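# Residue-level structure breakdown
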Amino acid sequence: MSLYCGIAYRRKISQGYRLLSTYVTKARYLFELKEDDGACKKAQQAGAFYLFHSLAPLLQTAEHRYLVPRFSLLASLPKSEVETELQGSFIELRKAIFQLNSMDSSLLFTAQALLRWHDGHQFCSKSGQPTRKNIAGSKRVCPSNNIIYYPQMAPVVITLVSDGTRCLLARQSSFPKGMYSALAGFCDIGENMEEAVRREVAEEVGLEVENMQFSASQHWPFPNSSLMIACHATVKPGQTEIQVNLRELEAAAWFSYDEIATALRKKGTYIQQQNEAFPFLLPPKLAIAHQLIQEWVEKQTCASLPA
Ligand SMILES: NC(=O)c1ccc[n+]([C@@H]2O[C@H](COP(=O)([O-])OP(=O)(O)OC[C@H]3O[C@@H](n4cnc5c(N)ncnc54)[C@H](O)[C@@H]3O)[C@@H](O)[C@H]2O)c1
Ligand SMILES: [Mg+2]
């Protein structure tokens, strides 16, 4: 997973040999590691490792940021000794997310998601027998019936709803205090992305949306590996009255351009709603919700510029 290779593959094509790009070379190499236990075992000897304890990665602290050390030698030591020896601490990934950079977080997210998946798929759901992991950890096989299990992600839609001048954000009681995010929800079986967006917005805030526009996607490891599919949508004209589904959300509200732009500039801020000032935080930069909110602000800024 965190292994890179400097080998350039040469592939015979009708006109002769073509040197493959670095990206293609890397993709082919990773494919080989997933398929070939022997090649993967060999690569492990020169590989770099992240350390986890109960799904928490070992991180080092430097100037209010977390660094993610990689190790080449592994020994079996008690947790506290590892922390002292390696000058770091095992920190819950959810807590570290505000202080990680995106390069580190992507590999850490994948590593944690794989560890969690393996931990939860030790047995075949058909035979009840223990399953066996391949060396790369890209699948598990049941030796009694050869069923192969692959790591899974659940598709989730996340939508930033706008009424043209304001955007709608909501919070669940489990969010950090004062944090509001875009509306998210797991896709039901048989649904496409558009249907999931319409249903989730209707379910959570009682509004109907149109003009959906796909923005980007992201792997999200919490709580169980989701593929976040992010998009923008607008409410049908005249439909702005929010009816919060309190089974799913603690609160939802429309936010003005100024409120959002201020919150993006500052790390935390206060906003005035119904004569009360309350803390208002946006999701961390690594969350795709943050990207959606940033895109919305940029779109509003462009729209207000003279032609
Ligand atoms: N990366 C981001 O920017 C970002 C932002 C917001 C939410 N999220 C993630 O989106 C995910 C979904 O958001 P939500 O909690 O509002 O979803 P949701 O609105 O679908 O509500 C969750 C409920 O849906 C049900 N559910 C249906 N299918 C499920 C499945 N496969 N796994 C778990 N529960 C399922 C459960 O009853 C659960 O309590 C969360 O896990 C959250 O971590 C990510
Ligand atoms: Mg939801």
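Structure first, text after, so check above.
Only a predicted model underlies this, so the values are computations on that prediction, with no experimental measurement involved.

Attention now goes to the pattern of salt bridges. For the structure shown, the criterion picks out nine salt bridges. For Asp-163, the salt bridge is made with Arg-166, and the minimal N-O distance between the two is 2.9 Å. When its relative accessible area of 24% is taken as the criterion, Asp-163 is described as partly exposed. On the basis of relative accessibility, which here comes to 29%, the residue Arg-166 falls in the partly exposed class.

So, about the site of ligand 1. Taken together, 18 residues surround ligand 1, and among them Gln-172, Phe-186, Glu-204, Glu-248 and Ala-289 come closest. Here an oxygen atom of ligand 1 and a side-chain polar atom of Trp-220 are 3.2 Å apart. Interatomic distance of 3.3 Å between a backbone N/O atom of Phe-222 and an oxygen atom of ligand 1. Considering ligand 1 on its own, with 850 Å² of exposed area, one finds that the protein chains cover 64% of that surface. Elements with a contribution of two residues or more to the shell around ligand 1: β10 (154–162), β12 (183–186), α6 (193–205), β13 (209–220) and α8 (288–304). Element by element, the count of residues in the shell around ligand 1 is highest for β12, at three residues. Taken together, the residues of the shell around ligand 1 sort by class into eleven nonpolar, four polar and three charged.

Here we take up the coordination of the magnesium ion (ligand 2). In an ideal octahedron of six donors the angles at the metal are 90 or 180 degrees, and in an ideal tetrahedron of four donors they are 109.5 degrees. Only Ala-184 (O) and Glu-204 (OE) from the protein reach the magnesium ion (ligand 2) as donors, at distances of 2.1 to 2.2 Å. Placement of the pair is Ala-184 in strand β12 and Glu-204 in helix α6, with a sequence separation of 20 residues. Here Glu-204 falls in the buried class, since its relative accessible area comes to 2%.

As paired elements, strand β3 (residues 52–53) and strand β4 (residues 56–62) share two bridges and run antiparallel to each other. Paired with Phe-52 across the strands is Pro-57, a residue of β4. Between β3 and the antiparallel strand that follows it, β4, lie two residues; Ser-54 among them carries a positive phi value of about 45 degrees. Sheet topology note: the β4/strand β6 (residues 89–90) ladder contains two bridges and is antiparallel. Within β6, the position partnered with Leu-58 by the bridge is Phe-90. Relative to strand β5 (residues 65–67), β4 runs antiparallel, the two being bridged by three bridges. The residue bridging Ala-62 from the neighbouring strand is Arg-65, located in β5.

Parameters and conventions
- Residues numbered from 1 in each chain as written.
- Chains lettered and ligands numbered in written order.
- Predicted model: local features only at pLDDT ≥ 70, side-chain atom pairs only at ≥ 80, totals over all residues.
- Heavy atoms only, no water.
- Salt bridge = Lys/Arg side-chain N within 4 Å of Asp/Glu carboxyl O.
- Buried < 20%, exposed > 50% of the residue type's maximum accessible area, 1.4 Å probe, protein only.
- Near = heavy atom within 4 Å.
- Polar contact = N/O pair within 3.5 Å; in protein donor to acceptor, adjacent residues only side chain to side chain.
- Areas by Shrake-Rupley, 256 points an atom, 1.4 Å probe, with all protein chains shown as cover.
- Helix = DSSP H or I, 4+ residues; strand = E, 2+ residues; numbered from the N terminus.
- Nonpolar A, V, L, I, M, F, W, Y, C, P; charged D, E, K, R; others polar.
- Donors = N, O, S within 2.8 Å, 3.2 Å for Na, K, Ca; no water.
- Pairing = 2+ DSSP bridges.

Spatial relationships are all this shows, so hold off on functional conclusions.
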